[in-house]
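Next come the chains, spelled out residue by residue.
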Amino acid sequence: MRAVICKELGPLENLSLEEVPTPPLLNGNVRLRVLASGVNYVDGLLIQGKYQIKPPTPFIPGMEVVGEVIECSDDVSAELLGKRVLANVGFGGFATEAVVRADRVINIPDTLSTGQAASFLQSYLTGWFALTRRAHISVESSAKKEQWMLVLGAGSGVGLAAVDIGTALGLRVIAAASSQEKRDLALARGASAVVDSSSEDVKERAKEISGGGVDVLYDPVGGSLGETCLRALGEDGQYLVIGFVGGIPQLPANQVLLRNRRVIGVDWGAWAGRHPQENAQLLEEVLAKIATNDLCPVEPQVYSLSEAAVALKDLEERRVAGKVVLVADEVK
Ligand SMILES: NC(=O)c1ccc[n+]([C@@H]2O[C@H](COP(=O)([O-])OP(=O)(O)OC[C@H]3O[C@@H](n4cnc5c(N)ncnc54)[C@H](OP(=O)(O)O)[C@@H]3O)[C@@H](O)[C@H]2O)c1
């Protein structure tokens, strides 16, 4: 099989696409012919050694794949053969084949294309966990009182999923993004208003649009933008700490005290690892909403496996609107 190899943690350009032995098929596992691999911002951090987890090298990056089951171990039902499934593989996704535990493969709703299915898992489960389990937002709570959510980085993976999920949960969403293409994607997912984060004062615009202050701030960006936008929260507003692509924000405690604001950490990955059953329930809820078209993950941009470094660089340098997947070179 062919796979993208990270031989040592460092620059993205050092990734190489190589012919490698196929992994053995152990009991309880199935082999997938990978149809598409989702690319996440965190993949780039891991490869460059900038993430809190430092994987031993060499390793094959890529966490989420959609594939066709081409082989089952003797103890796994052959009924799975030929099925198009989704799997959260941890590592090993940027390859033409992957071996995964049969009890971990996920059926894909017919409403999802292969690209959508390969690129929604991390961003949608993070968003659903953040909003329903951490911020305790529900369709019922939104119906009682109009609530506004400001989403930063709203035209990209995690942010765009939050726009979609917030809208489905009845929130009115203000989407802040740096390009027209990104803002258009957010509008297509139901945002009530958009703000140009490259030229407008996001905090002031969010306060104006929401009529005084937002109820929820969904922040995968952090940095000075997150610090400033804390002040866009109204009484009892919730700041959801999601990520730090723009740096770790230094949040002033006095601004948290004022207006009884709340700062809430969100670490979906670690929570999912510690609570597999609750995470399976989370996934079921998201898949049900996708099946009824209440949630609609974006159709991703497609790169080939040999372009993995380019795709990761484009993500890192903010050129990607929406999501990215990798496919085998002969497919693209
Ligand atoms: N907490 C959790 O459980 C969890 C789970 C998954 C991911 N995350 C985190 O969420 C964050 C976003 O992930 P993602 O996959 O959505 O990333 P992404 O697709 O690359 O999007 C990040 C967006 O942030 C904006 N941005 C603002 N300042 C930036 C800067 N200095 N550098 C790069 N981008 C900047 C960009 O949008 P504009 O151009 O519009 O500004 C960019 O498109 C990451 O930090 C990731 O680790 C957290």
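Since the model is a prediction, treat every value here as computed from it, not as a measurement. (Residues numbered from 1 in each chain as written. Predicted model: local features only at pLDDT ≥ 70, side-chain atom pairs only at ≥ 80, totals over all residues. Heavy atoms only, no water.)

**Regarding unusual backbone geometry**
Note the following rule: Starting at the N terminus, helices and strands are each numbered in turn, a helix being any DSSP run of H or I of at least four residues and a strand any DSSP run of E of at least two. With a 1.4 Å probe rolled over the protein chains alone, any residue whose accessible area is under 20% of its type maximum counts as buried; one over 50% counts as exposed, and the rest are partly exposed.
T57 connects to P58 through a cis peptide bond whose omega is -5°. Its location among the elements puts P58 in the loop between helix 1 (41-47) and strand 4 (64-72). Even without being a glycine, H136 presents a positive backbone phi close to 55°. As for its position among the elements, H136 is in the loop between helix 3 (121-134) and helix 4 (139-144). Judged by relative accessible area, H136 falls into the exposed class, the value being 59%. The phi dihedral of N260 falls on the positive side, at around 50°, and the residue is not glycine.

**A closer look at the pattern of salt bridges**
Filter applied, for reference: Definition used for salt bridges: Asp or Glu carboxyl oxygen within 4 Å of a side-chain nitrogen of Lys or Arg.
For the structure on display, the rule yields 19 salt bridges. When the shortest N-O distance is used, the salt bridge between K313 and E316 registers 3.8 Å. Taken as a pair, K313 and E316 lie in helix 12 (residues 308-316) at a separation of three residues, close to a single helical turn. Of the residues examined, K313 reaches a relative accessible area of 25% and is grouped as partly exposed. For E316, a relative accessible area of 26% translates into the label partly exposed. Each of E13, K313, D314, E316, E317 and R319 takes part in salt bridges that share partners, so that together they form one network.

**Considerations on helix 3**
Quick reminder of the rule: Expected span, for any helix, means 1.5 Å times one less than how many residues it has.
An ideal rise of 1.5 Å per residue puts 20 Å on 14 residues; helix 3 measures up with 18 Å between its terminal C-alpha atoms. For helix 3, a buried count of twelve out of 14 residues is recorded, marking the element as mostly surrounded by other parts of the structure. Listing the buried residues of helix 3 in full gives L121, Q122, S123, Y124, L125, T126, G127, W128, F129, A130, L131 and T132. One or two residues past the end of helix 3 sits H136, with phi positive at roughly 55°.

**Quick word on the domain arrangement of the protein**
Stated formally: Note that the domain bounds were set by an automatic or database domain assignment. Note on definitions: a residue-residue contact is assigned when non-hydrogen atoms from the two residues lie within 4.5 Å. Summed over both partners, the accessible area lost on bringing two parts together, with a 1.4 Å probe, is the buried area. N or O atoms within 3.5 Å of each other form a polar contact, as long as, within protein, one can give a hydrogen and the other can take it, and as long as residues adjacent in sequence are counted only when both atoms are side-chain atoms. Three classes are used: nonpolar for Ala, Val, Leu, Ile, Met, Phe, Trp, Tyr, Cys and Pro, charged for Asp, Glu, Lys and Arg, and polar for all others, with Gly counted as polar.
With domains assigned, the protein is organised as domain 1 (2-120 + 299-327) and domain 2 (123-269). On a C-alpha basis, the centroid separation for the pair domain 1 and domain 2 is 29 Å. In this assembly, ten residues from domain 1 lie in contact with 13 residues from domain 2. Counting each side, the surface lost to burial between domain 1 and domain 2 is near 820 Å², with a carbon and sulfur contribution of 52%. Looking at the side of domain 1 facing domain 2, the largest losses of area belong to F120, A321 and G322, adding up to 49% of the total buried there. At the surface where domain 1 touches domain 2, the tally comes to zero salt bridges. Taken together, domain 1 and domain 2 are joined by five residue pairs in polar contact (both at pLDDT 80 or more). When its residues are assigned to classes, the side of domain 1 that touches domain 2 shows four nonpolar, four polar and two charged.

**Structural notes on the sheet that holds strand 9 (residues 172-177)**
As a reminder, the rule being used: Each pair of strands is called paired provided DSSP finds at least two bridges between the two strands. Axis geometry follows a simple rule: fit a line to the C-alpha atoms, using only the stretch in contact for helices, then measure angles between N-to-C directions, giving values from 0 to 180 degrees.
Here six strands make up an open sheet; going across it, the order is 10-9-8-11-12-13 and the pairing parallel. With one partner strand each, in any of the chains shown, strand 10 (193-196) and strand 13 (262-265) form the two edges of the open sheet. Adjacent strand axes in the sheet meet at a mean angle of 20°, parallel and antiparallel pairs treated alike. In the sheet, strand 12 (residues 233-241) pairs with strand 13 via four bridges, with the strands oriented parallel. Paired with Y239 across the two strands is V263, which belongs to strand 13. Sheet contacts for helix 5 (residues 157-168): strand 8 (148-151), strand 9 and strand 11 (214-219); angle to strand 8, the most-contacted strand, approximately 170°.

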